[in-house]
Amino acid sequence: MRKLLNTGWLFYGTVYFLLFFAFFSALIFLEQFLIATGLLFVFLALLFYAIYYFEAGQTKELNRYRSTLKFRVKSAGNFMLTGFPVGALLYDRAGVIEWHNYLVKKMLGDGKVTGKIIWELLPELKNFLTEGASDRLKVAERFYRVYHHASERLLYFLDETREEELEREVENNRLVLGFINLDNLDEAEHGLSDHEEGRIATKIYNAILDWGATYKMSIKKLDADRLLLLTKNEVLKKLIATKFDILDRVREMTKKSKVPITLSIGISSKKVGVCAKLEQAQSALDIAMARGGDQAAVHQEDKVIFLGGKTNAVEKRTRVRARMVSAAISNLVQESTWVLIMGHVHTDMDALGAAVGMCKFVKENGARPYIVVGDINPSIERMVALLEGHEHLSESLISAEEAQDLASEEGGLLILVDTHRPGLVVAPRLLKQINRVVVIDHHRRGEAFVQNAVLVYMEPYASSTCELVAELLQYQEGISEMDALEATALLAGIVVDTHNFSARAGSRTFEAASFLRRQGADLTMVQMLLKEDLAQYLKRAQLIKNTTIINEQIAVAVANNQESYDQVLIAQAADTLLQMQGIVASFVIAVRGDGKIAISARSYGEINVQLIMERLGGGGHLTNAACQLKNSTVHEVHEKLLAILNE
């Protein structure tokens, strides 16, 4: 076809036509009409012959071209079906393979493929066989991108093993940055000679450097108690698998010291720039230290994971931080016209007592205080009744709806007590309405945290939030004498959270209690507030009756799925089980009145119940933690808990 079109017949035909036209014109001019007419007939005959010859040749050439093209298209189609480097497979409505090309056979092995059910050979395909769906499938150590055309029941397999290897290599070699902090180094070296200080520090640094060399990490000392860590994401996965065993090594090395030294580690592995990664690593370190240290916090793409945290936070000797925080909160209150004080849902005595204490704090600094009261449960109803009957404190109690109306006014401040998690506060909408928030809490920091708080006072070593508030009040200059009910409310919160000063009570706990006693706290009133109802006692006994012992030291009580229990009663049942001989940890699972499944966990410190509860979505302390789950049954939650305990 191309050869025919490339011939010069058009050029020569044009030349002949021009010559004929010139000769014919000359004959007409000379009046030779007979010769001109004959010449015209000859020319027309030749012209018709040429056209016929051209059409015949063109048709022949075109047919030859069509035949050749058809053969080539058919050959290419056969090659695509049998030799194209993309696997192809057809199956019928029952999932039986009807046809496949050579690559599918190579992919699935040397055995017979046709006639077999596709789900038996490739069970993973059931997850995404929808029109247009595409995913990567692993078959015999190779990876294939799968394309599905449901209308034709046709599957394509594109080999992407090389792409998978490159992606994995990039992922494994991604830069990971972190900080290592030596907790309590100053306290541990207090009173030691220069030689002893150097020996302890060198011993710990050598252990950290040896650990880094084992995993081929780069560790650089930045300060006396801080180091920079650089490694790859591949190494980080190994560190997570070993749960950062350096934490255990350092703890064991210094456990016989007067003040043991532990490590706090903050790491970022997110896909961001170096500067942002450094900021996230610092943030992770701050979280690890706020949770009490002796643990690692790892910032991953969508979450923060925690490893370690097997020991309680060491109580600090200095009161400088408490004094500075007290002054800072005073400044914030003095800049405000009104202050809302709010605790967590299912308010307990610690949250309510701390709110009452901060109410006194706010009054002393010239602002109007309001306590946001949520649902009243049996554990606080006596205290709430006393507050409602009080001459001055009754004016400070408002509902969540009233608080939201007040929040529309300018010049306000919100103080959160006994919680730092946005999802647990009495009125979450207030966090969006008020842009100045102060957090006072004694729980270990979790992943969920109030955003953009202007001041955070979290001390996980403290026994209770009431203890922290009592210290803040002590550092208020010229404070007037506290009302007996105010002091009693704070003392009751301390008594409840320390189980009558038998758990998590440090020297500063007793100092705070002594201060409150001097301010007029009534011990008889505390006993009255904490008295238990007989019906509640019997119900708790019924709950404890359904207890099984795991490994001869862990007690797990599971309630009937058809009966609901109060959150306080569930916690009391866990406390009671922990007092049994030989029990080092207790867990109580029951349905609450709102339909959620609640778990209360207690231990003496040998088992970190906080980490267990965090695995289920909760949190708390090393020895005291809890969790609430939606859309589950008691049996399902029990199975999840047992699976975690078995690990």
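Residues numbered from 1 in each chain as written. Predicted model: local features only at pLDDT ≥ 70, side-chain atom pairs only at ≥ 80, totals over all residues. Heavy atoms only, no water.

### Describing the overall build of the protein chain
(1) Moving on: Looking only at helices and strands, the protein chain has 24 helices and 24 strands in total.
(2) Moving on: When burial is assessed residue by residue, the protein chain has 46% of its 647 residues classed as buried.
(3) Moving on: Partitioning the contacts of the protein chain with sequence separation of at least 6, the portion at a separation of at least 24 is 62%.
(4) Moving on: In the structure as shown, the protein chain presents an accessible area of about 33,800 Å², 55% of it carried by carbon and sulfur atoms. (Helix = DSSP H or I, 4+ residues; strand = E, 2+ residues; numbered from the N terminus. Buried < 20%, exposed > 50% of the residue type's maximum accessible area, 1.4 Å probe, protein only. Contact = heavy atoms within 4.5 Å. Areas by Shrake-Rupley, 256 points an atom, 1.4 Å probe, with all protein chains shown as cover.)

### What to know about the packing of aromatic side chains
Each aromatic ring pair is specified by the distance between its two centres and by the angle formed by the two planes.
(1) Moving on: A complete count under the given rule lists three aromatic pairs for this structure.
(2) Moving on: Plain terms: the ring middles of Trp211 and Tyr215 are 6.4 Å apart, the flat faces sit at 70 degrees to each other, and that makes the pair edge-to-face.
(3) Moving on: Its relative accessible area of 16% is what places Tyr215 among the buried residues.
(4) Moving on: Linked through ring pairs, Trp211, Tyr215 and Phe244 together constitute an aromatic cluster.
(5) Moving on: Sitting over the face of the ring of Phe179, Arg226 holds its NZ or CZ atom 5.8 Å from the ring centroid.
(6) Moving on: Positioned above the aromatic ring of Tyr565, the side-chain terminus of Lys539 is 4.9 Å from the ring centre. (Phe/Tyr/Trp six-rings, centres within 6.5 Å; stacked < 30°, edge-to-face > 60°. Lys NZ or Arg CZ within 6 Å of the ring centre and 35° of its normal.)

### What about the sheet that holds strand S14 (residues 397–398)?
Consider a sheet: its strands pair through backbone hydrogen bonds, and that pairing is either parallel or antiparallel.
(1) Moving on: Strand order in the open sheet formed by six strands is S14-S13-S12-S15-S16-S17, with parallel pairing between adjacent strands. Taken across any chain shown, the strands that pair with only one partner, and hence form the sheet edges, are S14 and strand S17 (455–458).
(2) Moving on: Pairing between strand S15 (residues 412–417) and strand S16 (residues 437–441): four bridges, direction parallel. Bridge pairing in S16 links Val417 to Ile440.
(3) Moving on: Helix-sheet contacts for helix H17 (residues 465–474) involve S15, S16 and S17, and the interaxial angle to S16 is about 115 degrees. (Pairing = 2+ DSSP bridges. Axes fitted to C-alpha atoms, helices over the stretch in contact; angles between N-to-C directions.)

### Description of the environment of His443
(1) Moving on: Topologically, His443 is positioned in the loop between S16 and S17.
(2) Moving on: Placed 17 residues apart in sequence, His443 and Pro460 show a C-alpha to C-alpha distance of 5.2 Å.
(3) Moving on: Side-chain polar atoms of His443 contact the side chain of Asp441, separated by 2.8 Å. (Polar contact = N/O pair within 3.5 Å; in protein donor to acceptor, adjacent residues only side chain to side chain.)

### Structural notes on the sheet that holds strand S10 (residues 295–299)
(1) Moving on: Pairing is mixed in the open sheet, where six strands are placed in the order S7-S8-S6-S9-S10-S11. Edge positions in the sheet fall to strand S7 (218–223) and strand S11 (304–308), since each has one partner strand and no second. Adjacent strand axes in the sheet meet at a mean angle of 20 degrees, parallel and antiparallel pairs treated alike.
(2) Moving on: Contacting strand S6 (175–183), S7, strand S8 (226–232) and strand S9 (262–268), helix H8 (residues 194–214) crosses the sheet at an angle of about 150 degrees to S7.

### Considering the pairing of strand S12 (residues 338–342)
(1) Moving on: With five of five residues buried, S12 is to be regarded as a mostly interior element.
(2) Moving on: Of the two faces of S12, the one carrying Trp338, Leu340 and Met342 and the one carrying Val339 and Ile341 are both buried.
(3) Moving on: When S12 meets strand S13 (residues 368–372), the two strands line up parallel, connected through five bridges. Across the sheet, residue Met342 finds its bridge partner in S13, namely Val372.
(4) Moving on: Running through helix H13 (residues 349–364), the crossover from S12 to the neighbouring parallel element S13 is right-handed.
(5) Moving on: Direction of pairing for S12 relative to S15: parallel, over a ladder of five bridges. (Right-handed = clockwise from strand over helix to strand, strands pointing away.)

### Focus on the confidence of the model for the protein chain
The predicted coordinates ought not to be read in detail in places where the model reports low pLDDT.
(1) Moving on: For the protein chain, the mean per-residue pLDDT works out to 83, and 85% of the residues sit at or above 70.
(2) Moving on: Confidence drops under a pLDDT of 50 for residues 1–6, and excluding neighbours within four residues, the segment shows seven contacts in the predicted structure. (pLDDT = per-residue confidence, 0-100.)

### Considerations on the packing of H13 against H17
(1) Moving on: It is at 8 Å that the axes of H13 and H17 come closest, and there the two elements cross at 15 degrees. Considered as vectors, H13 and H17 are oriented roughly parallel to each other. Here the hand of the crossing between H13 and H17 comes out left-handed. Residue-level contacts link Met349, Asp350, Gly353, Ala354, Gly357, Met358, Lys360 and Phe361 of H13 to Thr465, Cys466, Val469, Leu472 and Leu473 of H17.
(2) Moving on: Tallied by class, residues from the contact of H13 with H17 come to eight nonpolar, three polar and two charged. (Parallel < 35°, antiparallel > 145°, perpendicular 65-115°, else oblique. Left-handed = near helix turned anticlockwise from the far one by under 90°. Nonpolar A, V, L, I, M, F, W, Y, C, P; charged D, E, K, R; others polar.)

### Structural notes on the nonpolar core
(1) Moving on: Grouped together as the largest cluster of nonpolar side chains are 55 residues, with contacts concentrated most on Ile329, Met358, Ile415, Ile440 and Leu516.
(2) Moving on: Per-element tally for this core: the top contributor is H13, with nine residues.
(3) Moving on: The residues contacting Leu516, other than those within four sequence positions of it, are Ala470, Met482, Ala487, Leu490, Leu491, Ile494 and Ala521.
(4) Moving on: Ranked by size, the runner-up nonpolar core spans 30 residues in total, among them Tyr205, Leu229, Ile246 and Val298. (Core = buried A, V, L, I, M, F, W, Y, C linked by side-chain atoms within 4.5 Å.)

### Notes on the pairing of S6
Where a strand is regular, its side chains alternate between the two sheet faces.
(1) Moving on: Judged by how many residues are buried, S6 sits mostly within the fold: eight of nine residues are covered.
(2) Moving on: Both S6 and S8 contribute to a ladder of seven bridges, which runs antiparallel. Considered in S8, the bridge of Gly178 is made with Leu229.
(3) Moving on: Here seven bridges tie S6 to S9, and the two strands are oriented antiparallel to one another. Bridging from a neighbouring strand, Asn181 pairs with Ser264 of S9.

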